[in-house]
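As a plain string of letters, each chain reads:
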Amino acid sequence: MDLAYTAEEEAFRDRLRTWLAEVLPKLPPKPAATDWPGRRAHDAAWQRMLYDAGYAGLHWPADAGGRGATPTQHLIFLEESEKAGAPYVGANFVGLLHAGPTIAAEGTPAQRARWLPPILRGDEIWCQGFSEPDAGSDLAALRTKAVRDGDAYVVSGSKIWTSHAEVADWCELLVRTDPEAPRHRGISWLAMPMDAPGVTVRPLRTLAGSTEFAELFLDEVRVPVGNRVGAEHDGWRVTMVTLSFERGTAFVGEVVACRRVLGELARTARANGRWDDAVLRRRLGRLNAEFAALWRLTQWNVGEAQRSGGVPGAGGSVFKLRYSHARQELYDAAAEVLGGQALDAAHPWVADRLSALAYTIAAGTSQIQRNIVAERILGLPKGR
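Reading the values: rules and limits
- Residues numbered from 1 in each chain as written.
- Predicted model: local features only at pLDDT ≥ 70, side-chain atom pairs only at ≥ 80, totals over all residues.
- Heavy atoms only, no water.
- Helix = DSSP H or I, 4+ residues; strand = E, 2+ residues; numbered from the N terminus.
- Buried < 20%, exposed > 50% of the residue type's maximum accessible area, 1.4 Å probe, protein only.
- Contact = heavy atoms within 4.5 Å.
- Areas by Shrake-Rupley, 256 points an atom, 1.4 Å probe, with all protein chains shown as cover.
- Core = buried A, V, L, I, M, F, W, Y, C linked by side-chain atoms within 4.5 Å.
- Axes fitted to C-alpha atoms, helices over the stretch in contact; angles between N-to-C directions.
- Parallel < 35°, antiparallel > 145°, perpendicular 65-115°, else oblique.
- Left-handed = near helix turned anticlockwise from the far one by under 90°.
- Polar contact = N/O pair within 3.5 Å; in protein donor to acceptor, adjacent residues only side chain to side chain.
- Salt bridge = Lys/Arg side-chain N within 4 Å of Asp/Glu carboxyl O.

Within the protein, the regular secondary structure consists of eleven helices and eight strands. Counting only residues that meet the buried cut, the protein has 51% of its 384 residues in that class. By sequence separation, contacts in the protein at least 24 residues apart represent 72% of the contacts at least 6 residues apart. Total accessible area on the protein is roughly 17,500 Å²; 54% of this is exposed by carbon and sulfur atoms.

Pasting the structure below:
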C-alpha cells in the first residue's frame, strides 16, 4: 500500500477537517454510559449527520450506498475524526461494521435495498446474536435451532453477550438449520427483527458497570425465510465473512484512539513527575512502536480488503490478536502513570482499563486467533 498521500487525498482531508470543525461544536453532550436509549438517539443523530454530509459508509461500495472511497481516504477519515474528538459508531457498531458489510457482500439486491440504507442513515440499530452459554468460543457448537415451517423459520434457543440488544431493531443471528449435519455445516445466518413475538432481552452488567451486552432468549420466534443471508446451511461461511470484518477492519478507529491516549499518557507523565522513571519511558516508547506497527498493519488489512472485493482476509486475526494484548498493556501503563488515581473509578482511563480486559475475548478469543494464524496463514497442521 502506497503510504504517500496524493493531492486529491490531502484535499479530502482538508474538506473533512473543515466540516468537523463546523459540526462538532453543535453536538449535544454525550448521555450517561448507563442511558442506552439516550446513547442510541445520540449515536443515531451523529450517523444521520454523517449520512447527510456524504460521509456515512465512506468505504462501502457505491452500489451498497457508500462512496466507494479508497482505503487511504477511509483511514484519513478515521484519523481526522478521532483527532477532532468526533463520536465513534457507538450503538451503530454491529450494523455499520459487521451486519452491513456482510449484507453488502453476501445479500441479495432486495436485502441490500431493505437493510443497508437504514443502517447508513442510523435509522435502525443491529445487535449480534452469535455466542451461546454452552458453546463459549466454540461457535460451531451453537444449539439455537431453526425449523423450517413454510415461508418462515421457527427459532428457539438462547444467546449471550448479545451486543446492544437493549436498543436494537435487528439481530444478526446464527441458527442451526440442520441438526444432523457436521458441526460447521447446517448453520444459517438470519436477520431477526427484535420486536418479534418470543424475543426476550435480559441486560448483563459488565465489570465496568455498563450494559451493552445482554442475554437473548428465543421462544419459537418466526423469522421469514427471506431474511436468510446466503444459502440455507451455508451460514458458517457467511459468518466467516462477518468475523473477518469484525477482526480485520472494525477496530481501525480504536487504534487511532489508542495512539491518542498514548500521547496523553506521555504528557501526563511529564506533568506529574513520573517521566523521570527510565523504565516507564522505555515502556511508553515500546508501546509507541507497537501501535505504529499496528497502524501499518491496519493500513495493509484495509488495502487487502479493497483488493479482495471488500472482504478482509485472515490477516485480520494477526491484527486482532496483537491489538487486544497491546490495548491491555497500554492501560496497564496508564495505571502506572496515574498512580493513586488509578483507583478512582470516575477516571476515564480506569473504565477503559476494565473494558480492555474484554478484548482478548471479544471477536474470538486469543486462543482462537492463534489457531487461525497457525492453520490458515502459517499452514501448520491442526491440533488433535
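Having seen the model, we can carry on.
Next up on the list: the nonpolar core. By size, the foremost hydrophobic cluster in this structure holds 68 residues, and its most contacted members are Trp126, Trp189, Leu265 and Leu330. The greatest single-element share of this core, amounting to nine residues, is contributed by helix H9 (residues 315-338). Membership of the second largest hydrophobic core comes to 20 residues, among which are Ala146, Val175, Ala196 and Val225.

Here we come to the packing of helix H1 (residues 7-23) against helix H2 (residues 36-53). The geometry of H1 relative to H2 is characterised by a closest axis approach of 13 Å and an angle of 140° between their N-to-C directions. Of the possible angle classes, the one that applies to H1 and H2 is oblique. Classified by chirality, the crossing of H2 by H1 is right-handed. Packed against H1, whose contacting residues are Trp19, Leu20 and Val23, the element H2 presents Trp46, Met49, Leu50 and Ala53 at the interface.

Tracing the sequence through the fold places threonine 144 in the loop between strand E1 (126-129) and strand E2 (145-149). Threonine 144 sits in the buried class, given a relative accessible area of 1%. Within the structure, the side chain of threonine 144 is placed 2.7 Å from the side chain of glutamate 132, a separation counted as a polar contact. Among residues more than four places away in sequence, those in contact with threonine 144 are Glu132, Val155, Ser156, Gly157, Ser158, Lys159, Leu174, Val175, Arg176 and Leu218.

Moving on: the pattern of salt bridges. Tallying each qualifying case throughout the model produces 21 salt bridges. Between glutamate 82 and arginine 260 there is a salt bridge whose closest N-O contact spans 2.5 Å. Of this pair, glutamate 82 sits in helix H3 (residues 71-83) while arginine 260 sits in helix H7 (residues 252-272), placing them 178 residues apart in sequence. Close ionic contact of arginine 143 with aspartate 134 constitutes a salt bridge, the shortest N to O distance being 3.8 Å. Comparing arginine 143 with aspartate 134 shows no difference in burial state: the two are exposed. Each of Glu10, Arg13, Arg17 and Glu80 takes part in salt bridges that share partners, so that together they form one network.

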